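Inside the fold
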Amino acid sequence: MSCYILYDDSVNFIFNIHFMNVMKMEWEVLFVISFILCSFSIPIDDAIYFLKEKSIQDAVENRYVNNDYTPHPPIIIEGNYDFTPENGVVAGNGTKDNPYIIEGWKINAKNATGIKIVNTDAYFIIRNCYIYDGIFRHDGIIFENVENGVIENVCIINNNNGIFFNYSSNNTIRDCYIYSNILWYGIYFIHSTNNIVL
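This structure is a prediction, so every number in the text was calculated from the model and none was measured.

**Quick look at the confidence of the model for the chain**
In the predicted model, the chain carries a mean pLDDT of 79, and 66% of its residues have values of at least 70. A low-confidence stretch, residues 1–24 (pLDDT under 50), is modelled with 12 contacts involving residues beyond four sequence positions or located in other chains.

This is the structure:
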């Protein structure tokens, strides 16, 4: 925010020493007040930014936190054979035309990574889930040596990393809300290629 001090060149100066001293004092006071007002422009901008961020957080909470997702323990899938109903799969058979679907879960990551998938190449989609509170210990979602996965419309809040890919390729992340993941990154790729974030 810019701050401007306007000065009128058409002021009629009265050559009276006392009056000039008063005017000088008034201009000095005006300058000090203007300086103080300008100094408060950054906190005001910060406050506006905070209010915008707060409104986004409130919208996210209404959409995810207060949603009727079903609580589910952390999910660990170690190979294509682990895509089972016990591991949160609600539909699909793992083909390109009919991927496995992991959907509708509310997962507290306090004691383990929310969803960890290792050594798979079956097609699958993780969508409409809320993964939270891994804090300093656990990530929201981990892919290790994974291909053909999609993470879609997932809210991942207050974890270590939000999403971590290691040696994983040809996966897609889209329309996710990843916020306030504390230790490292929202999305972190290592030794991973051909992944898309939309």
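**Regarding a nonpolar patch on the surface**
Taken together, I135, F136 and I182 make up a surface patch of nonpolar side chains, about 260 Å² in accessible area. Looking at the secondary structure, you find I182 in the loop between β14 (177–179) and β15 (187–190). Exposure remark for I182: the relative accessible area of 38% places this residue in the partly exposed category.

**Observations regarding the sheet that holds strand β4 (residues 100–103)**
The 6 strands are arranged β3-β4-β7-β10-β13-β16 in an open sheet whose pairing can be described as mixed. On the outer flanks of this sheet lie β3 (89–91) and β16 (196–197), each paired with one strand and no other. Bridging between β4 and strand β7 (residues 124–127) involves 4 bridges; their strand directions are parallel. Bridged to I101 within β7 is I125.

**Comments concerning the pairing of strand β6 (residues 115–120)**
One ladder, built from 4 bridges, connects strand β2 (residues 75–78) with β6; its direction is parallel. Bridge pairing links I76 to K116 in β6. One ladder, built from 5 bridges, connects β6 with strand β9 (residues 141–146); its direction is parallel. Bridge pairing links V118 to E144 in β9.

**Some details on the side chain of N148**
By secondary structure assignment, the location of N148 is in the loop between β9 and β10 (149–152). Among the polar contacts made by the side chain of N148, one reaches the main-chain carbonyl oxygen of D121 at a distance of 2.7 Å. If near-sequence neighbours (up to four positions away) are discounted, N148 is found in contact with D121, A122, Y123, F124, S169, N170 and N171.

**Section: the side chain of T172**
Take T172: it is sitting in strand β13 (residues 172–174). Since its relative accessible area comes to 14%, T172 is described here as buried. If near-sequence neighbours (up to four positions away) are discounted, T172 is found in contact with G149, V150, I151, I196 and L198.

**Some thoughts on unusual backbone geometry**
Its identity as a non-glycine residue notwithstanding, N158 has a phi of 60°, on the positive side. If you trace the backbone, N158 turns up in the loop between β11 (155–157) and β12 (163–166). Accessibility expressed as a relative area gives 24% for N158, which makes it partly exposed. You will see that H191, though not glycine, has its phi angle at about 55°, which is positive. Within the secondary structure, H191 is located in the loop between β15 and β16.

About the criteria used
- Residues numbered from 1 in each chain as written.
- Predicted model: local features only at pLDDT ≥ 70, side-chain atom pairs only at ≥ 80, totals over all residues.
- Heavy atoms only, no water.
- pLDDT = per-residue confidence, 0-100.
- Contact = heavy atoms within 4.5 Å.
- Patch = residues over 30% accessible without salt bridge, like charges linked within 9 Å, V, L, I, M, F, W, Y side chains within 5 Å.
- Areas by Shrake-Rupley, 256 points an atom, 1.4 Å probe, with all protein chains shown as cover.
- Salt bridge = Lys/Arg side-chain N within 4 Å of Asp/Glu carboxyl O.
- Helix = DSSP H or I, 4+ residues; strand = E, 2+ residues; numbered from the N terminus.
- Buried < 20%, exposed > 50% of the residue type's maximum accessible area, 1.4 Å probe, protein only.
- Pairing = 2+ DSSP bridges.
- Polar contact = N/O pair within 3.5 Å; in protein donor to acceptor, adjacent residues only side chain to side chain.

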